[in-house]
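# Residue-level structure breakdown
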Protein chains: 2
Amino acid sequence: MSTGGSQKRVNLQSVAEEAGVSRATASLVLRESPLVSAETRKRVIAAMHKLGYIYNRGAANLRRQRTGTIGVVLCNIGSPFYSKLLIGIDEVFVDAGIVALLVNSAENIERQMRQIWRLREHGVDGLIICPAVGSDETLLSEIEKTGLPYVQVLRHVSPTAGDYVGPDYAGGTDLAVSHLVRHGRRKIAFLGGNPVHSAACERLEGFQRALRRHCLESDLIVPTDLDNLSDFGSLESLMASASPPDAAICYNDMVALSLMGRLLSEGELPGRDFAVIGADNLPQAATSFPTLTTIVTDPVGVGRNAARLLLDRITEPRASSMRVLVSGQLMVRESCGGPLP
Amino acid sequence: MSTGGSQKRVNLQSVAEEAGVSRATASLVLRESPLVSAETRKRVIAAMHKLGYIYNRGAANLRRQRTGTIGVVLCNIGSPFYSKLLIGIDEVFVDAGIVALLVNSAENIERQMRQIWRLREHGVDGLIICPAVGSDETLLSEIEKTGLPYVQVLRHVSPTAGDYVGPDYAGGTDLAVSHLVRHGRRKIAFLGGNPVHSAACERLEGFQRALRRHCLESDLIVPTDLDNLSDFGSLESLMASASPPDAAICYNDMVALSLMGRLLSEGELPGRDFAVIGADNLPQAATSFPTLTTIVTDPVGVGRNAARLLLDRITEPRASSMRVLVSGQLMVRESCGGPLP
DNA sequence: CTGTTAGCGCTTTCAC
DNA sequence: GTGAAAGCGCTAACAG
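Residues numbered from 1 in each chain as written. Chains lettered and ligands numbered in written order. Predicted model: local features only at pLDDT ≥ 70, side-chain atom pairs only at ≥ 80, totals over all residues. Heavy atoms only, no water.

Taking an unreviewed UniProt entry as the reference, chain A is identified by name as LacI family DNA-binding transcriptional regulator belonging to Gluconacetobacter dulcium.

## A look at the confidence of the model for chain A
When pLDDT is averaged along chain A, the result is 91; 95% of the residues meet or exceed 70. For residues 1-7 of chain A, every residue scores under 50 in pLDDT, and the model assigns this stretch one contact once sequence neighbours within four places are set aside. (pLDDT = per-residue confidence, 0-100. Contact = heavy atoms within 4.5 Å.)

## What about the UniProt feature "domain: HTH lacI-type" (unreviewed entry) in chain A?
On the UniProt side, "domain: HTH lacI-type" (unreviewed entry) is annotated at positions that read residues 10-64 of chain A here. Taken end to end, residues 10-64 of chain A comprises 69% helix and 0% strand; its first and last C-alpha atoms sit 21 Å apart. (UniProt positions renumbered as here; feature names shortened; annotations may be inferred. Helix = DSSP H or I, 4+ residues; strand = E, 2+ residues; numbered from the N terminus.)

## A look at the interface of chain A and chain B
Contact with chain A, which involves 53 residues of that partner, is made by 53 residues of chain B. Between chain A and chain B, a total of about 4200 Å² is buried, with carbon and sulfur atoms accounting for 63% of that surface. Our count for the contact surface shared by chain A and chain B stands at four salt bridges. Between A:D90 and B:R111 there is a salt bridge, with its nearest N and O atoms 3.1 Å apart. (Buried area = accessible area lost by both parts, 1.4 Å probe. Salt bridge = Lys/Arg side-chain N within 4 Å of Asp/Glu carboxyl O.)

## Describing the protein's contact with DNA strand D
Lining the immediate surroundings of DNA strand D are 26 residues, of which A:L12, A:R23, A:Y53, A:R63 and B:T40 lie closest. The sugar-phosphate share of atoms of DNA strand D within 4 Å of the protein amounts to 65%. Taking A:S27, its side chain carries an N or O atom lying 2.6 Å from a phosphate oxygen of DNA strand D. Between a phosphate oxygen of DNA strand D and a side-chain N or O atom of A:R31, the distance comes to 3.0 Å. Secondary-structure elements contributing two or more residues to the surface near DNA strand D are α2 (23-30) and α4 (57-64) of chain A together with α2 (23-30) and α4 (57-64) of chain B. At four residues, α4(A) tops the list of elements feeding residues into the surface near DNA strand D. Considered class by class, the residues forming the surface near DNA strand D number 11 nonpolar, eight polar and seven charged. (Near = heavy atom within 4 Å. Polar contact = N/O pair within 3.5 Å; in protein donor to acceptor, adjacent residues only side chain to side chain. Nonpolar A, V, L, I, M, F, W, Y, C, P; charged D, E, K, R; others polar.)

## Concerning the side chain of B:R333
Residue and element names in this part refer to chain B. Looking at the element boundaries, R333 is found in the segment after β12 (329-331). For the buried R333, no salt bridge is present, and the opposite-charge side chain at shortest range is D253, 6.2 Å distant. In this structure the side chain of R333 is engaged in a polar contact, spanning 2.8 Å, whose partner is the backbone oxygen of L292. Aside from chain neighbours lying at most four places away, what touches R333 is N281, A285, A286, T291, L292, T293, T294 and G338. (Buried < 20%, exposed > 50% of the residue type's maximum accessible area, 1.4 Å probe, protein only. Lys, Arg positive; Asp, Glu negative; His and termini not counted.)

## Focus on the sheet that holds strand β10 (residues 293-296) of chain B
Residues and elements named next belong to chain B. With respect to topology, six strands assemble into an open sheet ordered β7-β6-β8-β9-β10-β12, the strand pairing being mixed. The two strands at the open ends of the sheet, each matched to only one other strand, are β7 (221-222) and β12. With four bridges joining them, strand β6 (residues 188-191) and strand β8 (residues 247-250) adopt parallel strand pairing. Residue F190 lies in a different strand from β8, and its bridge partner there is I249. Contacts from helix α9 (residues 198-213) reach β6, β7, β8 and β9 (275-279), with the element oriented near 170° to β6. Contacting β6, β8, β9 and β10, helix α11 (residues 253-265) runs over the sheet at an angle of about 155° to β9. (Pairing = 2+ DSSP bridges. Axes fitted to C-alpha atoms, helices over the stretch in contact; angles between N-to-C directions.)

## Some words on empty space enclosed by the protein
Enumeration according to the criterion identifies eight cavities of 30 Å³ or more in this entry. Its volume calculated, the largest cavity comes out at about 180 Å³. Of all the secondary structure elements, the ones that give two or more residues to the lining of the largest cavity are α11 (253-265) of chain A together with α11 of chain B. Per-element tally for the lining of the largest cavity: the top contributor is α11(A), with five residues. (1 Å grid on protein atoms, 1.4 Å probe; cavity = no way out; pocket = protein on both sides within 12 Å on 5 of 7 lines; lining within 4 Å. Points joined across faces, edges and corners; volume = space filled by probe spheres on them.)

## Regarding the packing of aromatic side chains
To describe a pair of aromatic rings, you give the distance between the ring centres and the angle between the ring planes. Residue and element names in this part refer to chain A. Following the criterion strictly, the structure yields four aromatic pairs over all chains and no others. On the numbers, 6.4 Å between centres and 80° between planes, the contact of F81 with Y82 is edge-to-face. Residue F81 is classed as buried on the basis of its relative accessible area, which comes to 16%. The exposure class of Y82 is buried, given its relative accessible area of 9%. Ring geometry for F190 versus F207: centroids 4.7 Å apart, planes at 20°, classification stacked. Of this pair, F190 sits in strand β6 (residues 188-191) while F207 sits in helix α9 (residues 198-213), and the two are 17 residues apart along the sequence. (Phe/Tyr/Trp six-rings, centres within 6.5 Å; stacked < 30°, edge-to-face > 60°.)

## Digging into the packing of α2(B) against helix α3 (residues 38-51) of chain B
Residue and element names in this part refer to chain B. Packing of α2 against α3 leaves a shortest axis separation of 10 Å and a crossing angle of 90°. Classed by the angle they form, the pair α2 and α3 counts as roughly perpendicular. For the pair α2 and α3, the contacting residues are T25, A26, V29 and L30 in the first and T40, R41, V44, I45 and M48 in the second. (Parallel < 35°, antiparallel > 145°, perpendicular 65-115°, else oblique.)

## Considering helix α1 (residues 12-19) of chain A
Within an α-helix, residues lying three or four positions from one another point in the same direction, as the helix has 3.6 residues per turn. Residues and elements named next belong to chain A. Looking only at α1, the buried set comprises L12, V15, A16 and A19. Relative to the axis of α1, the buried residues are bounded by an arc of 100° and lie together on one face. Check the buried side of α1 and you find it contacts α2 and α3 (38-51). Downstream of α1 by a residue or two, G20 has a phi angle that is positive, lying close to 70°. (Arc of directions from axis to C-beta.)

## A word on the state of the cysteines
Residues and elements named next belong to chain B. Inspection of the entire model under this criterion finds zero disulfides over all chains. Left unpaired, C130 is separated from the closest cysteine sulfur, that of C75, by 3.4 Å. Free of any disulfide, C250 has its nearest neighbouring cysteine sulfur in C336, separated by 11 Å. What makes C250 buried here is its relative accessible area of 1%. (Disulfide = S-S within 2.5 Å.)

## Describing the protein's contact with DNA strand C
With respect to spatial proximity, 27 residues lie near DNA strand C, and among them A:T40, B:L12, B:R23, B:Y53 and B:R63 are the closest. Here, DNA strand C places atoms within 4 Å of the protein, and 65% of those atoms are sugar or phosphate. A:S22 is positioned with one of its backbone polar atoms (N or O) 2.7 Å from a phosphate oxygen of DNA strand C. Within the contact set of DNA strand C, a phosphate oxygen lies 3.1 Å away from a side-chain nitrogen or oxygen of B:R31.

## Topic: the side chain of A:D280
Residues and elements named next belong to chain A. By the secondary structure assignment, D280 is in the loop between β9 (275-279) and β10 (293-296). No salt bridge is formed by the buried D280; the nearest opposite charge belongs to R203, separated by 4.2 Å. Residues contacting D280, with those up to four places away along its chain left out, are F81, R203, N252, D253, T294, I295 and T297.

## Overview of the relation of the copies chain A and chain B
Screw-axis analysis of chain A against chain B gives a translation of 0.0 Å along the axis, an RMSD of 0.1 Å, and a rotation angle of 180°. On this basis, the relationship between the two copies can be described by a two-fold rotation axis. A symmetric contact is evident, with 98% of the interface residues of chain A recurring at the interface of chain B. (Least-squares fit on C-alpha atoms with pLDDT ≥ 70 in both.)

## So, the pairing of strand β8 (residues 247-250) of chain A
Residues and elements named next belong to chain A. Taking every second residue as pointing to the same face, both faces of β8 are buried, with A247 and I249 on one and A248 and C250 on the other. The sheet contact formed by β8 and β9 spans three bridges and is parallel. Within the sheet, the bridge partner assigned to A247 lies in β9 and is A275. As for the winding sense of the linkage, the β-α-β connection from β8 through α11 to β9 is right-handed. (Right-handed = clockwise from strand over helix to strand, strands pointing away.)

## Side note on the environment of A:L154
Counting through the fold element by element, A:L154 comes out in the loop between β4 (150-153) and β5 (164-167). With 75 residues separating them along the chain, A:L154 and A:S79 place their C-alpha atoms 13 Å apart.

Spelled out as structure tokens, the structure:
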């Protein structure tokens, strides 16, 4: 075949011929089997390079009945937090020779189902999924019906069913409350988003539990819109009330930074007049004015743990399900407890 | 259902048997061929549902010699900017029935090469790549050698070779300079990162060209470390010099927000005492104190365009290569030109 | 150690 | 309209 534009794809067959061995032997060389002599191996490898051979995983997968790919279903691939999660997942997968198929449910549960279906068609060996808002246990039973191993991350659809890896939201919020109390704050508000999924619920519960422990009332709970940061809902009226809050724990740093912006523009200095604590430790938290005290969660760690748990689950499908909580810390800066700017 | 762990995987064969037709006919039904009668189609579809059939794309791919997957090689999947890009890419791919295989070069050119190799093994039909720092034209020739269609995004390794889609960095910087000049600023600094890749270079060139057009000197170019925002390098000495800058254009909003934090902590009010312009329009830019004027690039648009261009390139491999610049705008807020807080 | 053989699940001529 | 047969490129028994 004279190589005009469409030369025949080089496959194991051609490599084997070039090296003067059989396809089977060449295949063994590929997978670094010790069964093949150094001499033969060398010849085969030389042939591979000479011909520019590229291993066809698709064909191998078809034969071996597994693909070395794993589906990752996130509900908001645009968020930095999720990207960090991906980094952790990717880290483990790279070591295990696995590629992630990333899909986005965009918080839409029909789309989530469609995407999972698509991943199945692609033959993924497992699933890491952050359930879209509105998912319930039928999600898990749908997945289980197909026999595909899976791990939930960041959110779960039930407090007990299925494997789950996530940050210790409640513990983090608890740290924040204790810190505020230690610094003399007594009227603590919670700008907590809406408890539409397990993560938000756990934060809220952590908040309420911590307040109870410190014998404080938890009546300053403000739902916030995470997409429209300029809207602090009923915070306005709280601030104007008879006993306004002197501190706030925010759903995340985005909310906290916005709140600080708002306070500044009203002439109040966060950290002195009003304590603010965020969550996530965005890069900006370290350089804002004032710098932001924040609950540090470890999304990369969550990703790593989820990936590892899934790999375990794939090799050990019958083991009983697990809940992994990755603990966080408090990064103390100027907005609460740190030296004032 | 007592599914005894290892029931035979249901394939097209079983569906065909169940429906009382041949494999070939069943296959036609799958792909919605008009060649099959409504009656038969109905029977086959019923059989598929009954058996819980899942299409095996791997097998189909092997046969058709294409996979319906595309490799996306990014150099920093953790950055929000890249996540936005992914959203645009994903949007187009979902419509085209394509799945993205996402890999991370982590700005490491060996890893980049390894990952590309891996993607090839998975049989991707094309590549969207943001070249890691240090990549040169050999990257393109390596890819071209394999005959795989590709599109560069956000950065390119040569001003002419290969397809490229990116924001109009130079144009954006130009907008910013004109805006500053319009507001009476004359000593404009550029906190521009290091020009280690095409994006940074284009921003810098845009800056210099714009200053020339306004007959200003462009001697206030400060390389900044994008990972360590608290370090503004020689900015310190600039500010202390005989003719200090009265404005700064920053590499991105992260740098700009840090700079504003710094200014505030030194008692200067950004927007009044010193104008600051960022780039990217992060959510925080709208809620910081003061709010941040910023060059709005459109990463989602870049992603969409890159994905579409790649799809074109796949169907039309011989067409000559293209450069697409996605234009941006200036979002005017308090830190320059907007009403003072 | 190496070769032979028989598929993995699907698509695609080409007959009928 | 539908079916029969021939692979896509690889791996896994099993022989030698």
